[in-house]
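Listed below are the residues making up each chain.
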Amino acid sequence: MTGSGGSTALTSSRVPWWPLLRLREAVTAPRARLLVFPHSGSGPNTLFPLVEPLPDHVEVLGLSLPGRERRFGEPPGCRLDQVLDSVSDEVLGRDPLPTVVFGHSLGALLATRAARLLGPHCRAAVVSGQAPGRTPRRAHATATEEDAVRLLREGGGTPEWVLQDPDMLAHVTRVLRADIELGREAAAGFEDVRLDVPLRVLGGTADPLVPHEPLDGWAAHTTGSCQVLRFDGDHFFLLADEHRPTVVDVLRRALTEG
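Residues numbered from 1 in each chain as written. Predicted model: local features only at pLDDT ≥ 70, side-chain atom pairs only at ≥ 80, totals over all residues. Heavy atoms only, no water.

1. Observations regarding the overall build of the protein
Of the regular secondary structure elements, the protein holds eight helices and six strands. Going residue by residue from the N terminus, the α and β elements of the protein occur as α-β-α-β-α-β-α-β-α-α-α-β-β-α. Residue burial in the protein is summarised as follows: out of 258 residues, 51% are buried. Sequence-distant contacts in the protein: of pairs separated by 6 or more residues, those separated by 24 or more amount to 80%. (Helix = DSSP H or I, 4+ residues; strand = E, 2+ residues; numbered from the N terminus. Buried < 20%, exposed > 50% of the residue type's maximum accessible area, 1.4 Å probe, protein only. Contact = heavy atoms within 4.5 Å.)

2. Considerations on the side chain of Ser-86
Among the structural elements, Ser-86 can be located in helix α3 (residues 80-91). Polar side-chain contacts of Ser-86 include one of 2.5 Å to the backbone oxygen of Val-83. (Polar contact = N/O pair within 3.5 Å; in protein donor to acceptor, adjacent residues only side chain to side chain.)

3. A closer look at the pattern of salt bridges
The full count for this structure, using the stated rule, is twelve salt bridges. Among the salt bridges present, the one from Glu-74 reaches Arg-71, with a minimum N-O distance of 2.8 Å. Judged by its relative accessible area of 23%, Glu-74 falls in the partly exposed class. A salt bridge links Glu-257 to Arg-253; the shortest N-O distance between them is 3.3 Å. In this pair, Glu-257 and Arg-253 are both assigned in helix α8 (residues 244-257), four residues apart and thus about one turn of the helix distant. Sharing partners across several salt bridges, the network here consists of Asp-249, Arg-252, Arg-253 and Glu-257. (Salt bridge = Lys/Arg side-chain N within 4 Å of Asp/Glu carboxyl O.)

4. Quick notes on the nonpolar core
Ranked by internal contacts, the top residues of the largest apolar core, which has 36 residues, are Trp-18, Leu-35, Phe-37, Leu-63, Val-101, Leu-110 and Leu-182. At the level of secondary structure, the elements contributing two or more residues to this core comprise β1 (32-37), α3, α4 (106-118), β4 (122-128), α7 (166-187) and β5 (199-204). When near neighbours in sequence (up to four residues on either side) are disregarded, Leu-182 contacts Leu-65, Cys-78, Arg-79, Leu-80, Val-83, Leu-106 and Leu-110. Membership of the second largest hydrophobic core comes to 24 residues, among which are Leu-50, Val-100, Val-126 and Phe-237. (Core = buried A, V, L, I, M, F, W, Y, C linked by side-chain atoms within 4.5 Å.)

5. What to know about the sheet that holds β4
An order of β2-β1-β3-β4-β5-β6 is seen for the six strands of this open sheet, with the pairing classed as parallel. The sheet is open, and its two edges are formed by β2 (58-62) and β6 (226-231), each paired on a single side. Adjacent strand axes in the sheet meet at a mean angle of 15°, parallel and antiparallel pairs treated alike. Looking at chain direction, β1 and β2 are connected through five bridges and run parallel. (Pairing = 2+ DSSP bridges. Axes fitted to C-alpha atoms, helices over the stretch in contact; angles between N-to-C directions.)

6. Regarding the packing of α3 against α4
It is the contact of α3 with α4, at a shortest axis distance of 10 Å, that shows an interaxial angle of 45°. Here α3 is positioned oblique relative to α4, judged by the angle of their axes. For the pair α3 and α4, the crossing hand works out as right-handed. Counted together, Leu-80, Leu-84, Val-87, Ser-88 and Val-91 of α3 and Leu-110, Arg-113, Ala-114, Leu-117 and Leu-118 of α4 form the full contact between these two elements. In terms of residue class, the contact of α3 with α4 is built from eight nonpolar, one polar and one charged. (Parallel < 35°, antiparallel > 145°, perpendicular 65-115°, else oblique. Left-handed = near helix turned anticlockwise from the far one by under 90°. Nonpolar A, V, L, I, M, F, W, Y, C, P; charged D, E, K, R; others polar.)

Below, the structure is given as C-alpha cells:
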C-alpha cells in the first residue's frame, strides 16, 4: 500500500519506523516475529517489559512514530497510510516469518489495520485497552491542550516528573494530540474491519478511558477465534507486576499456537 505522500516521508527519514526492540545476539535464526504498536503519546520501549521475556527465536520490532524515543527530534504527527507504508516497506521487506501483531490502546487500532495488510504472514493479533466497532472512544473527544493534559493525568502511566516539567509536558501533549488524530483516522470505518486470525483481547475492569463491558464485541472483527481476558486494573493494567506474567504468556501462546 502506498498512500499519498507516505513513501516520501519514509524515504526521507533516516531513522527506521520499525527498529529491533530487543538488541541481543541471536543464537538461532528468528522463527517468528512480533510487531509492537504502543499507545498514544508513547514509544515501543514502554512495552519492553512484556516482550523482553519472550524466547530468543522471536524477532521483536516496535513501531517508532515521529516525536518520541529514537525520533524525538522529529515533529510529531503522521497519517495512517504512512504507518501502513512503513509496514509494507520495513516489515514485509524483511525475510518472511509467521507474525503476531500486538497493540495497546491506539496501538490496538493500528495493529488490527496492519494485520490485514500482512495477510497470510499474520498468525494472530493481540489487542489491549481499546474499544471495538463503533464504541465511543473517550480519547477521540479530546479537543484542547487542557483536555490532553487531563487525559494524561486520568489515564495514568505518565511519570510524575513529566507532568511537573513544563517543557516535557508540552512536548508529550503535542505528541498525544497528534496520536489522537491518528487514532481518529484509524477508527474511521473500524466496524467493517475483519481479520481471519485468532484474536486475543485484553482489558482492565477499572480502565477510566475504555469501558470493559463492550470488549466482547471484538469477536465481530475476526472470522477466527476470539478470547477476551479482563484484568483488575486501570488503562495500564498490562504493565502491573501482578498481571505482567499472564500478558507475557498470552503473547507467547499467540506466537506458538496462533
